[in-house]
Amino acid sequence: MLENLKLFLMIVEKGSLSAAGRELGLSPASVSERLMMLEAYYKATFLTRTTRSLSLTDEGRVFAEGARRLLAEADELESRIRSGTQKISGPIKITAPVDLGQTRVVPILDRFLAQHPDVTIDLNLTDSFVDLVSQGIDFAIRYGKFSNTTLKAKPIGENRRLICGSPNYLHHRGIPLHPDDLLHHECIMMRFMQGIDRIWSFQANGAPYAVSVNGQRTTNNGQLIKQWALQGQGLCKKSIWDVQADLAAGRLVEVLAPYALSPTALHIVYPPARVQPRRVARLIDVIVQELAINNAED
């Protein structure tokens, strides 16, 4: 039964029956037969299949979540029996924002791997939201308010955000002294799944103050936003963690500091499995602790 659960999750992760079969050394006919056996056993359709795509049904999403939980529990049981209850080993899949991942998370992971040589890390750096269940990801590090009731979250803290640009850009275009001045500047905007982040919120005279910005450049990659700002292409809104080294070196300059942006919450988000593998729980604790310390220092 566990092998069929693994096969189902591989189908979901790869997006096709044939790709899952190649990964596991199974023929397409064998994969299709085992999937039909699963659906027949549970009297439910787990996948909607067309000639071009494959997607989870509502029942399939519930089944994938349960399958991942059962496999995690089985893996944890085997690990405890084979290696003793104190040994940490096995794979961990994570997703994090690009800039934050490179500047803050990767050093933490490097230290964790050095301490636990039997652990492997699969890190997906993206500024887009990823479906944790369908992609088989153990947890995500995410900015913003947490509102997804199907997931669990551990708060890390709030992160200061700021507006900055290169000295060259500010020399040629001038330094904005009030949020309204951004209407006359090139603003580099972030695109999320929900849309473009063109409403930049400030505090003016103790009250919220929002400005709708514009510019030639929009992207879904936070690292590219900083790169464009460093090249003098415009002003950007970034986390202090992402640009701290550039500010210290003078490559970027903060503007509109008296109108400080509202801080952004940072969370670790994960599927609601009843039992997390020891390796996953331990890494979550380490990341929460170290990022919270860095946040306090900043």
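The notes below deal with the structure included here. (Residues numbered from 1 in each chain as written. Predicted model: local features only at pLDDT ≥ 70, side-chain atom pairs only at ≥ 80, totals over all residues. Heavy atoms only, no water.)

**A closer look at the pairing of strand 7 (residues 161-165)**
Then, in step 1: Of all the five residues making up strand 7, five are buried; the element is thus mostly covered by neighbouring parts of the structure.
Then, in step 2: Side chains Arg 161, Ile 163 and Gly 165 of strand 7 all project onto a buried face; the interleaved residues Leu 162 and Cys 164 project onto the opposite face, where all are buried too.
Then, in step 3: Sheet analysis places strand 7 next to strand 13 (residues 235-239), joined by four bridges and oriented antiparallel. Opposite Cys 164, over in strand 13, you have Cys 236 as the bridge partner. (Buried < 20%, exposed > 50% of the residue type's maximum accessible area, 1.4 Å probe, protein only. Helix = DSSP H or I, 4+ residues; strand = E, 2+ residues; numbered from the N terminus. Pairing = 2+ DSSP bridges.)

**Observations concerning a nonpolar patch on the surface**
Then, in step 1: Side chains of Met 1, Tyr 41 and Tyr 42 sit close together on the surface and give an oily, nonpolar patch of about 380 Å² of accessible area.
Then, in step 2: Tracing the chain through its elements places Tyr 42 in helix 3 (residues 28-42).
Then, in step 3: For Tyr 42, a relative accessible area of 37% translates into the label partly exposed. (Patch = residues over 30% accessible without salt bridge, like charges linked within 9 Å, V, L, I, M, F, W, Y side chains within 5 Å. Areas by Shrake-Rupley, 256 points an atom, 1.4 Å probe, with all protein chains shown as cover. Salt bridge = Lys/Arg side-chain N within 4 Å of Asp/Glu carboxyl O.)

**A closer look at helix 9 (residues 240-249)**
Then, in step 1: Listed as buried for helix 9 are Ile 240, Trp 241, Asp 242, Val 243 and Asp 246.
Then, in step 2: The N-capping residue of helix 9, defined by a side-chain oxygen 3.1 Å from the backbone nitrogen of Trp 241, is Ser 239.
Then, in step 3: Just beyond helix 9, the residue with positive phi is Gly 250, at close to 80°. (Polar contact = N/O pair within 3.5 Å; in protein donor to acceptor, adjacent residues only side chain to side chain.)

**Concerning the packing of helix 5 (residues 98-115) against helix 8 (residues 222-230)**
Then, in step 1: At a closest axis distance of 6 Å, the pairing of helix 5 and helix 8 adopts a crossing angle of 85°. Between helix 5 and helix 8, the angle is such that the two are roughly perpendicular. In contact with Val 98, Asp 99 and Gln 102 of helix 5, helix 8 contributes Gly 222, Gln 223 and Lys 226.
Then, in step 2: In terms of residue class, the contact of helix 5 with helix 8 is made up of one nonpolar, three polar and two charged. (Axes fitted to C-alpha atoms, helices over the stretch in contact; angles between N-to-C directions. Parallel < 35°, antiparallel > 145°, perpendicular 65-115°, else oblique. Contact = heavy atoms within 4.5 Å. Nonpolar A, V, L, I, M, F, W, Y, C, P; charged D, E, K, R; others polar.)

**Let's talk about the pattern of salt bridges**
Then, in step 1: Inspection of the entire model under this criterion finds twelve salt bridges.
Then, in step 2: As a salt-bridge pair, Glu 23 and Lys 14 come within 3.6 Å of each other at their nearest N and O atoms.
Then, in step 3: You can call Glu 23 partly exposed: its relative accessible area is 48%.
Then, in step 4: Here Lys 14 falls in the partly exposed class, since its relative accessible area comes to 38%.
Then, in step 5: As a salt-bridge pair, Asp 246 and Arg 251 come within 2.8 Å of each other at their nearest N and O atoms.
Then, in step 6: Overlapping salt bridges, with partners in common, bring together Asp 99, Lys 238 and Asp 242 in one network.

**Notes on the pairing of strand 11 (residues 207-212)**
Then, in step 1: One ladder, built from six bridges, connects strand 10 (residues 199-204) with strand 11; its direction is antiparallel. Residue pairing for strand 11: Trp 200 is matched across the bridge by Val 211.
Then, in step 2: Between strand 10 and the antiparallel strand that follows it, strand 11, lie two residues; Asn 205 among them carries a positive phi value of about 55°.

**Some words on the packing of helix 5 against helix 9**
The angle between the axes and the distance between the axes are what describe a pair of packed helices.
Then, in step 1: Close contact between helix 5 and helix 9 brings their axes to 8 Å; oriented N to C, the two are set at 65°. For the pair formed by helix 5 and helix 9, the contact residues are Asp 99, Leu 100, Thr 103 and Arg 104 on the first element and Trp 241, Asp 242 and Gln 244 on the second.
Then, in step 2: In terms of residue class, the contact of helix 5 with helix 9 is made up of two nonpolar, two polar and three charged.

**Topic: the layout of surface pockets**
Then, in step 1: Approximately 1,200 Å³ is the volume attributed to the largest pocket.
Then, in step 2: Listed by contribution, the elements that provide at least two residues to the lining of the largest pocket are strand 3 (90-96), helix 5, strand 5 (139-143), strand 8 (187-192), strand 10, helix 8, strand 13 and strand 15 (264-270).
Then, in step 3: Each residue belonging to the lining of the largest pocket can be placed in one class, and the counts come to 21 nonpolar, 14 polar and ten charged.
Then, in step 4: In this model, the second largest pocket occupies a volume close to 870 Å³.
Then, in step 5: Together, 36 residues line the second largest pocket, and Leu 9, Arg 68, Leu 71, Pro 91 and Arg 279 are the ones closest to its centre.
Then, in step 6: Listing elements by their share of the lining of the second largest pocket, those giving two or more residues are helix 1 (2-14), helix 2 (17-24), helix 4 (58-83), strand 3, strand 4 (119-125) and helix 10 (278-297). (1 Å grid on protein atoms, 1.4 Å probe; cavity = no way out; pocket = protein on both sides within 12 Å on 5 of 7 lines; lining within 4 Å. Points joined across faces, edges and corners; volume = space filled by probe spheres on them.)

**A short note on the packing of aromatic side chains**
Then, in step 1: According to the stated counting rule, one finds six aromatic pairs in the structure shown.
Then, in step 2: Judged by centre distance (5.0 Å) and plane angle (75°), the ring pair of Phe 8 and Phe 63 falls under edge-to-face. Taken as a pair, Phe 8 in helix 1 and Phe 63 in helix 4 lie far apart in primary sequence, 55 residues in all. In this structure, Phe 8 and Phe 63 share a single accessibility class: buried. (Phe/Tyr/Trp six-rings, centres within 6.5 Å; stacked < 30°, edge-to-face > 60°.)

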